[in-house]
Amino acid sequence: MTVDDANSGESGPGSATGPGTPGATGPGGDPAPGPASGPGPSSGSGSAAADYPTPHHVVDHTAEPTDDPLAIRLEQLILGAERRYTPFQAARTAGVSMDLASRFWRAMGFADIGQAKALTEADVLALRRLAGLVEAGLLSEPMAVQVARSTGQTTARLAEWQIDSFLEGLTEPPEPGMTRTEVTYPLVELLLPELQEFLVYVWRRQLAAATGRVVQAADDEEMVDRRLAVGFADLVGFTRLTRRLEEEELGELVEAFETTCADLVAAHGGRLIKTLGDEVLYAADDAGTAAEIALRLIETLAHDETMPALRVGIAFGTVTTRMGDVFGTTVNLASRLTSIAPKDAVLVDGALAQELSRTGEAPVSEAQVADEVARAEKEGEAPPSYRFALQPMWQRPVRGLGVIEPWLLTRREPKIPG
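Since the structure is predicted, the reported quantities are computational estimates derived from the model, not experimental observations.

Asks: Describe the overall build of the protein, listing the residues and the values that go with them.
Replies: Helix and strand counts for the protein stand at 14 helices and ten strands. Classification of the 418 residues of the protein by burial places 39% in the buried group. A sequence separation of at least 24 residues applies to 67% of the contacts in the protein between residues at least 6 apart. Just so you have it, the protein exposes about 22,800 Å², and 54% of that area is on carbon and sulfur atoms.

In structure tokens form, the structure reads like this:
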């Protein structure tokens, strides 16, 4: 969002917000009034217009933050400080070049506010901390920008959800004659410290889990390019549903789908990478976990009459991880498998099928099972048990990936409730 958007009064807490909440939404600006001179990601000079093109608006560096009294009070309550600095003053006070300050602010998703006095001591401290990590050699400058970007993107989505869904519902006036604004301030005052503590707790827990996974990698190369099982789960016929359902009904269906998937993925040891409305992407460290999650998703949603059919595709192999997302041929293959999977079915690639066989969770073939059962009966032993069954499907060419042989994954054991 640009400052023009802020001037129009359309900014809200759920947009790409910065140190000035409603109205002025971020500090990234030029060191003096006049033509924009903020730096680009890899250059210490040049215009902001060249490095950060704005398709529909020209940044207005004369824009001022909102002067709405309630908005200012809420901003001060949430930020814990009053507006004191322009972007140039904040950068200078922090001992950081305007070049680097602008890069950090833009990476965090904060829009330009020109030279409006909208920044606080917290903004100065944040700049000092990021720049200090670079000066100490703990982070390179590009890595510090990545830290700013990943944090900004994640918390922007969280803030948007909390305002649009959570806070909006709680601020319904409890008594006739009261306005929502009269309820908002005391509610935020009560919730803010509790939500902050909870956010830090969840972040520490997630950080501990992620660190544990990384240090267990076989070698340094695997810390970045790791072997993972990646699965896509996709609702069938979602586009047709969008034409038939009202917006509120569609929103409820998507929320129920995402919630169900998130709960099942987490409960069975996977990690939800992202949700895309009618599709979720998840990853797991081993093939068996990814396969179990896929079948649980199919089984659970099949019992929900409000849900369309589901199809899942899983691939196993080397995956590049960046900023919480996953990339590479393995991810592309999982996506393609999903697109060709039958309704309420799971297709996997040959690598995942081989991994399930290697770990003893699925037989190589039904002929193998028959041989093992006959041998076990002859020797008076219990026959081996497998969690999954694999059926080879017709080979087919897939654009960009060559010829692939999908395998249909099913459960050999009776369905387990829960």
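Structure shown, so let's carry the discussion forward.
Asks: Could you give me a rundown of a negative patch on the surface, with the residues and numbers involved?
Replies: A surface patch of negative charge is lined by Glu246, Glu247, Glu248, Glu249, Glu252 and Glu255. By the element assignment, Glu248 lies in helix 10 (residues 247-267).

Asks: Give a detailed account of the pattern of salt bridges, specifying residues and quantitative values.
Replies: This structure, assessed with the given rule, holds twelve salt bridges. A salt bridge links Lys274 to Asp325; the nearest nitrogen and oxygen atoms lie 3.0 Å apart. Of this pair, Lys274 sits in strand 2 (residues 271-275) while Asp325 is found in strand 5 (residues 325-327), placing the two residues 51 residues apart along the sequence. With relative accessibility at 31%, the residue Lys274 sits in the partly exposed group. Note on Asp325: relative accessible area 17%, which makes it buried. Several salt bridges converge on common partners, so that one network encompasses Glu292, Arg296, Glu299, Glu361, Arg387 and Arg411.

Asks: If you had to explain the packing of helix 5 (residues 98-107) against helix 6 (residues 121-135) to someone new, which residues and values would you point to?
Replies: The N-to-C vectors of helix 5 and helix 6 enclose an angle of 105 degrees; their axes lie 11 Å apart at closest approach. It follows that helix 5 is roughly perpendicular to helix 6 by the angle criterion. Along the contact surface, helix 5 presents Leu100, Ala101, Phe104 and Trp105, while helix 6 presents Leu127, Leu130 and Ala131. Each residue belonging to the contact of helix 5 with helix 6 can be placed in one class, and the counts come to seven nonpolar, no polar and no charged.

Asks: Mind laying out the pairing of strand 3 (residues 279-284), listing which residues take part and the relevant values?
Replies: The buried fraction of strand 3 amounts to six of the six residues, a majority that puts the element mostly inside the structure. The two faces of strand 3 match: Glu279, Leu281 and Ala283 on one face and Val280, Tyr282 and Ala284 on the other face are all buried. By the bridge criterion, four bridges tie strand 2 to strand 3 in an arrangement that is antiparallel. Directly across from Thr275, in strand 3, lies its bridge partner Val280.

Cut-offs and rules
Residues numbered from 1 in each chain as written. Predicted model: local features only at pLDDT ≥ 70, side-chain atom pairs only at ≥ 80, totals over all residues. Heavy atoms only, no water. Helix = DSSP H or I, 4+ residues; strand = E, 2+ residues; numbered from the N terminus. Buried < 20%, exposed > 50% of the residue type's maximum accessible area, 1.4 Å probe, protein only. Contact = heavy atoms within 4.5 Å. Areas by Shrake-Rupley, 256 points an atom, 1.4 Å probe, with all protein chains shown as cover. Patch = residues over 30% accessible without salt bridge, like charges linked within 9 Å, V, L, I, M, F, W, Y side chains within 5 Å. Salt bridge = Lys/Arg side-chain N within 4 Å of Asp/Glu carboxyl O. Lys, Arg positive; Asp, Glu negative; His and termini not counted. Charge placed at Lys NZ, Arg CZ, Asp CG, Glu CD. Axes fitted to C-alpha atoms, helices over the stretch in contact; angles between N-to-C directions. Parallel < 35°, antiparallel > 145°, perpendicular 65-115°, else oblique. Nonpolar A, V, L, I, M, F, W, Y, C, P; charged D, E, K, R; others polar. Pairing = 2+ DSSP bridges.

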